[in-house]
Amino acid sequence: MMKLLFITFIFCSFIAAAQTQTNIGSLIPKEAYENISSQLLNSDSNVTSIVIWIKKEVKPHVHTIHSEQVYVLEGTGKMLLGEKTMEVKPGDLIFIPKQTIHALKVTSATPMKVLSIQAPEFDGKDRVFVEREW
């Protein structure tokens, strides 16, 4: 009986681990979208990971509670980060500390696709849009 319980535990652990593996390169939006589409990958109280597709822009905003790292997978854009404006392209990793104004304008003909990793957990409540010309 103990052996059966142990085998069941190992099997369930393997299944749980397999569910957290995602091939990000193969992900596509699940439905048509006008500007932004996102797909939650994983989330717990410590961290949230999301794939985001952007056709036009992300308006200026800050996160009051968490920091964010954005890894650009596809497309190009112009990003506002604090007082700086920078060009972003595939392979770029951008760190956005909490309370930092950030925004994005897509410059490529195709949508940008990014991996956003936010810590602690992101639930959307700490996103505050700000009026900012850039």
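No experiment lies behind these values; they were computed from the predicted model shown. (Residues numbered from 1 in each chain as written. Predicted model: local features only at pLDDT ≥ 70, side-chain atom pairs only at ≥ 80, totals over all residues. Heavy atoms only, no water.)

### Some remarks on the sheet that holds strand 9 (residues 112-119)
Our working definition: The pairing criterion for strands is at least two bridges between them, as found by DSSP. Helix numbers and strand numbers start at the N terminus; a helix is a DSSP run of H or I with at least 4 residues, a strand a run of E with at least 2. Fitting a line to C-alpha atoms yields each axis, with helices limited to the stretch in contact; the angle taken between N-to-C directions then spans 0 to 180 degrees.
Sheet architecture is open: five strands sit in the order 1-2-9-4-7, paired in antiparallel fashion. Two strands bound the open sheet, and with one partner strand each, they are strand 1 (36-43) and strand 7 (93-96). Sheet twist, expressed as the mean angle between neighbouring strand axes with direction ignored, is 20°. Sheet topology note: the strand 4 (residues 67-74)/strand 9 ladder contains seven bridges and is antiparallel.

### What to know about the pairing of strand 8 (residues 102-106)
Applied cut-off: Three exposure classes are used, based on accessible area relative to the maximum for each residue type with a 1.4 Å probe and protein chains only: buried under 20%, partly exposed in between, and exposed over 50%.
Along strand 8, four of the five residues are buried, which leaves the element largely enclosed by surrounding structure. The sheet contact formed by strand 3 (residues 57-63) and strand 8 spans three bridges and is antiparallel. Bridge pairing links Val 58 to Leu 104 in strand 8. Direction of pairing for strand 5 (residues 77-81) relative to strand 8: antiparallel, over a ladder of five bridges. Among the inter-strand pairings, Leu 81 is bridged to a residue of strand 8, identified as His 102.

### Regarding the sheet that holds strand 5
Here we have five strands laid out as an open sheet, ordered 6-5-8-3-10, and antiparallel in their pairing. Every interior strand has two partners, whereas the edge strands, strand 6 (84-88) and strand 10 (127-129), have only one. Neighbour to neighbour, the strand axes of the sheet diverge by 30° on average, direction disregarded.

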